[in-house]
Amino acid sequence: MADRDPCWATITEVQAAMQEGRLTSLQLTERFLERIEAYDRGGPRLNAVLEVNSEARELAEALDRERVSGRSRGPLHGIPIFLKDNIATADRLHTSAGSLALKDCVAPRDAFLVARLREAGAVSLGKANMTEWANFMTTDMPAGYSSRGGQVKNPYGESLSPGGSSSGSAVVVAAGLCTVAVGTETSGSILSPANWNSVVGVKPTLGLISRSGIVPIAASQDTAGPFGRTVTDTAILLGAMTGVDTLDRATRASRRHARRDYTELLSQGGLEGVRLGVPRAVFYERLAPPEVPVIDTALHALGGLGAALVDPANIATAREVTDFRSDVMLYEFKRDLNRYLQGLGESSPVHSIRDLIRFNEARPQEMLRFGQVRLLAAQSTNGLRTETYRRSRAEDLRISRADGVDRVMASERLDALVFPGWSGAAIGAKAGYPSVIVPAGYTAEGTPIGLTVLGRAWSEPTLLRIALAFENATCARRPPTSVAAPSPGAPSL
């Protein structure tokens, strides 16, 4: 049975097996590497793994020796993970954001969150494929495609989107190629692939996790976040990445809010007294007919847990959020990516967006299959002091916060808003507010769909508690049949 294979086990189950001597980190790491060879390189050829860490076994062995000596670093000790390819690691791995322009680039230092994960004892299995430049290179690039890694495939069906841009990070978790993984989001890049691959994803409050060492798009919206097959696993990974970083000013605000352990706040009980808003206008109107019964069943389950559903709790600016053309990301992308590229040194052939554009133009067959519309548009911007940028940023905040989420949550006294799938990604991204998406079920054709809960800044404990209660009540997630077979000879848990 797949659920007896440690490759499908939760962090808690793996830690218990390791503590009792039934499993080692090295054994688990080797099982995952076997599955990567079988399913990512062969079988359905998921193409979610961009690069395997040649030091993974060595890291696992060292952590096993620590455990034998009586030292445990915590719940991530010896747990194999993947990192999205835009997260810098100062080791033998490359950090390329999926671009051939950076395929040989070795980062000068670990991203802050990577240093945190190393301290926590996580085993880096490698880098996950992604949409090139986190889908901010052009307008028509397929989700999950990169010039360096090719096209990521969805394990639930090759005809399904893998979501973007953290496609590979979601797929490696969904397909049992690691225990948990890290992705990044500017607007939908965690929530979308989590939805399409039937995994749990957390898009945190802006500033909860440092962005230093992450290839950027826009400082006003960028964040990293965890993927897992369960809410508890994502909560464990989330806590391990938090902390104030002197290189990311946004993290200063997290000092009074961040936690190293979110699991202690999770409750196994119902949701008595929790008020959840259902923003029907726009967000539910765009549901495809096969998705409607899945979401209706999910809302009924929340009500059955004791939550008070305020339905509808419409967001006054819902149409503005989806229709307003903001220039914020273009302007910030030029500033932030230029800064990142300038810090790479001699290992990188490009040190600015202008350099990158020229690199791509010199290799059109490899680099410009889908163009570089956004790179060209970003290069044409002229600074964050312009009226265009300032007006766009102010409007983003008005429609997402003041007249958007803040207004409806205050007027209806809500603890969270509930969105179908990843439809609430843009409003949460512009506001810098957190969201948690959890598998809600599948259409009759087998397409996964998730349920997202969104709240105001620093409400991760509440959102995780709601998501966990829903997960426990519905047990909606099932592994993709294309990769569900247990690893041959895998130890039983």
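From a predicted model like this one, the values you see are computed outputs, not experimental measurements.

Caption draft 1: Region of interest: the environment of Phe 136. Note that Phe 136 resides in the loop between β3 (123-128) and β4 (145-146). The exposure class of Phe 136 is buried, given its relative accessible area of 7%. In this structure the C-alpha to C-alpha distance between Phe 136 and Pro 216, which are 80 residues apart in sequence, comes to 9.9 Å. The contacts of Phe 136, once residues within four sequence positions are left out, are Ile 217, Met 329, Leu 330, Phe 333, Arg 374 and Leu 375.

Caption draft 2: How the structure looks around the sheet that holds strand β2 (residues 80-84). Read from one edge to the other, the open sheet built from 11 strands follows the order β1-β3-β2-β6-β8-β7-β12-β13-β11-β9-β10, with strand pairing classed as mixed. Edge positions in the sheet fall to β1 (49-52) and β10 (308-310), since each has one partner strand and no second. Looking at each pair of strands side by side, their axes are set apart by 30° on average, direction ignored. Bridge count for β1 against β3 is 3 bridges, and the pairing is antiparallel. The residue bridging Val 49 from the neighbouring strand is Ala 128, located in β3. The strands touched by helix α4 (residues 112-120) within the sheet are β2, β6 (180-185) and β8 (223-228), with β2 carrying the most contacts at an inclination of about 175°.

Caption draft 3: Fine view of the pattern of salt bridges. Tallying each qualifying case throughout the model produces 25 salt bridges. The closest approach of N and O atoms between Glu 20 and Arg 22, which form a salt bridge, is 2.8 Å. Take Glu 20: its relative accessible area is 56%, and that puts it in the exposed class. Asp 104 is the salt-bridge partner of Lys 103, the closest N and O atoms lying 2.9 Å from each other. In this structure, a network of salt bridges that share partners links the residues Glu 320, Glu 395, Arg 398, Asp 403 and Arg 407.

Conventions we followed
Residues numbered from 1 in each chain as written. Predicted model: local features only at pLDDT ≥ 70, side-chain atom pairs only at ≥ 80, totals over all residues. Heavy atoms only, no water. Helix = DSSP H or I, 4+ residues; strand = E, 2+ residues; numbered from the N terminus. Buried < 20%, exposed > 50% of the residue type's maximum accessible area, 1.4 Å probe, protein only. Contact = heavy atoms within 4.5 Å. Pairing = 2+ DSSP bridges. Axes fitted to C-alpha atoms, helices over the stretch in contact; angles between N-to-C directions. Salt bridge = Lys/Arg side-chain N within 4 Å of Asp/Glu carboxyl O.

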